[in-house]
Amino acid sequence: MHLAAEKLSIRRGNRLVIDGLSFTAKSGEALLLTGPNGAGKTTLLRAIAGFLALESGEIGLEGGDPEREIGEQSHFVGHANGIKSSLTVGENLEFWCDYLDSSTTRTTRRDRVFDALERLRLSALEDIPAAYLSAGQKRRLGLGRLIIANRPLWLLDEPTVSLDTASVELLAGIVKDHLASSGIVLAATHIPLGLEGARELHLTGLSNTPRLKESGFNTGLPSVEQPRQGRE
Amino acid sequence: MSPFFTLLRRDITLALREGGAIGTALGFYLIVIAMLPLGLGPDLNLLSRIAPGLLWIALLLSSLLSLGRMFETDYEDGSLELLAIGGTPLELVAAAKALAHWLTTGIPLALLAPVLGILLNLDISAYGVLVLTMLAGTPAISFLGAIGAALTLRARRGGLLLALLILPLYVPTLIYGIQAISGALLAGQSFWPSFLILSALSLGSLVLGPLAAAAALRIQLN
């Protein structure tokens, strides 16, 4: 399975944030999106998830389920955690478990929630309403979706926000496990997740002119393919 | 369990546990109806003549109060995005949320209406038809309201805008709701034609509401 983006251009407002970007990511590969604030990291991830319309270009998940959108085959971790403060920690996970995978039975759900809570070190808080969690604990609970339902592509937008050092390591471990089971990870992060062999995709952001520009982005690093080069 | 029912169950749980939306709607309904006799004076004949209309209009306004929150909380905490890419069509997501709104707001309001009818000296024979027409008519309030809630999702202080957008759409429901009640009460008029049109309006909104709301949500998530 691999994710291939070809000549992507994405417009936000009057401005082309991403212009003519091509890249691929294979199974078991992590692609780190770097670049200054406003470079288009979030925009790119949201476009892949299908929230933003593309100005031009194509994104495809080859080897994925052709019946489903890319977004439906991916986990998206954005700035908000998607947890309900009046549900307990366990109920939040149970909801996402049921919603994301309707084939779950009562017992498999029980096991998965139990495993996820163990993994996230939230077991002691299972019956506490999520409103009482700290920011870091809420973040960890939000990341629980990654473990609880299996999806090949992970789109992580600043997943380490408000996590302490131990939790960042925890997240790195979860990401590594996903890569080991031949998943694909795209992460926009300022903190290195300690992933060896992760490729970097450096976005520079573009001019504020609304006009189209020729190759306005910097592919800089050799690991990122230039447009129109052969794909695997 | 299918994602639709999972989401429906979650929304009902949240509504019952947080309680604010149901409580506000019921409280507002009670206050408005309790104030009407004070404003109109103790003319029992007048009150009982206009009672069905007043009960219906106050019900529409009360249900508007919680309508604005239908997608807002999910949008704010990021759940809406995740629901959208969860593999369930956004139309079904909108339908589940509108249905949850009906179950937690429409039905309680419809059941409270006859109790409030006492304050307006509602004709004793009208209680049954009042509840029946309200139960048949309130789904349209939730499902058409979902369109407005989706459209005003990102608007600052969208509540008033929501009312302006959505109240005109409630006019047919209001007309046929009242028509059905007076049809049942007055000699020489028929209950069924109006009641069937009222039900048809609700069934139509059941289909069209989620489609339009989902289209609006897609724009809002962009």
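Residues numbered from 1 in each chain as written. Chains lettered and ligands numbered in written order. Predicted model: local features only at pLDDT ≥ 70, side-chain atom pairs only at ≥ 80, totals over all residues. Heavy atoms only, no water.

Report on the environment of Leu130(B), specifying residues and quantitative values.
Tracing the chain through its elements places Leu130(B) in helix H7 (residues 126–151). Between the alpha carbons of Leu130(B) and Leu55(B) there is a distance of 9.0 Å; along the sequence they are 75 residues apart. (Helix = DSSP H or I, 4+ residues; strand = E, 2+ residues; numbered from the N terminus.)

Could you give an account of unusual backbone geometry, with specific residues and numbers?
For Glu158(A), which is not glycine, the phi torsion reads 50 degrees and is therefore positive. Note that Glu158(A) resides in the loop between strand E6 (153–157) and helix H5 (165–180). The buried category is assigned to Glu158(A), whose relative accessible area is 14%. A positive phi angle, near 55 degrees, is found at Asn121(B), a position not held by glycine. Relative to the helices and strands, Asn121(B) resides in the loop between helix H6 (90–117) and H7. (Buried < 20%, exposed > 50% of the residue type's maximum accessible area, 1.4 Å probe, protein only.)

Describe in detail the nonpolar core, supporting the description with residues and values.
Counting 129 residues, the largest nonpolar core has Leu3(A), Phe23(A), Leu44(A), Ile48(A), Leu186(A), Tyr29(B) and Phe71(B) as its most contacted members. Per-element tally for this core: the top contributor is H7(B), with 13 residues. Discounting residues that sit within four places of it in the chain, Ile48(A) has contacts with Leu3(A), Phe23(A), Ile59(A), Ile70(A), Gly71(A), Leu153(A), Leu155(A) and Leu186(A). (Core = buried A, V, L, I, M, F, W, Y, C linked by side-chain atoms within 4.5 Å. Contact = heavy atoms within 4.5 Å.)

Break down the confidence of the model for chain B for me, with residues and values.
Residues at a pLDDT of 70 or more form 100% of chain B, whose mean pLDDT is 93. Taken element by element, chain B is modelled with least confidence in helix H8 (residues 158–166) of chain B, mean pLDDT 90, and with most confidence in H6(B), mean pLDDT 96. (pLDDT = per-residue confidence, 0-100.)

I'd like a description of the environment of Gly13(A), backed by residues and values.
Residues and elements named next belong to chain A. The topology assignment puts Gly13 in the loop between strand E1 (2–12) and strand E2 (15–26). Using a relative accessible area of 68% as the deciding quantity, one classes Gly13 as exposed. The sequence separation of Gly13 and Thr105 amounts to 92 residues, and the corresponding C-alpha distance is 44 Å.

Can you break down the interface of chain A and chain B residue by residue, with the values?
The interface is formed by 30 residues belonging to chain A together with 28 residues belonging to chain B. A buried area of about 2,400 Å², summed over both sides, lies between chain A and chain B, and 56% of it is on carbon and sulfur atoms. For the chain A face of the interface with chain B, the top three residues by lost area are Phe51(A), Lys84(A) and Tyr99(A), together amounting to 32%. Scanning the region where chain A abuts chain B turns up four salt bridges. Here Arg17(B) and Glu91(A) are joined by a salt bridge, their closest N and O atoms 2.7 Å apart. Where chain A packs against chain B, one counts eleven residue pairs in polar contact (both at pLDDT 80 or more). Of all the elements in the fold, those that place two or more residues in the side of chain A that touches chain B are helix H1 (41–49), strand E5 (74–77) and helix H2 (89–100) of chain A. If one sorts the elements of the side of chain A that touches chain B by residue count, H2(A) sits on top with six residues. Of the residues that constitute the side of chain A that touches chain B, the class distribution is twelve nonpolar, eight polar and ten charged. (Buried area = accessible area lost by both parts, 1.4 Å probe. Salt bridge = Lys/Arg side-chain N within 4 Å of Asp/Glu carboxyl O. Polar contact = N/O pair within 3.5 Å; in protein donor to acceptor, adjacent residues only side chain to side chain. Nonpolar A, V, L, I, M, F, W, Y, C, P; charged D, E, K, R; others polar.)

Residue-level account of the pairing of strand E7 (residues 184–188) of chain A, with values.
Residue and element names in this part refer to chain A. Judged by how many residues are buried, E7 sits mostly within the fold: five of five residues are covered. Residues of E7 alternate between two faces, with Ile184, Leu186 and Ala188 on one and Val185 and Ala187 on the opposite face, all of them buried. By the bridge criterion, four bridges tie strand E3 (residues 30–34) to E7 in an arrangement that is parallel. Pairing of Leu31 across the sheet is with Leu186, part of E7. Each parallel crossover has a hand, and the one from E6 via H5 to E7 is right-handed. (Pairing = 2+ DSSP bridges. Right-handed = clockwise from strand over helix to strand, strands pointing away.)

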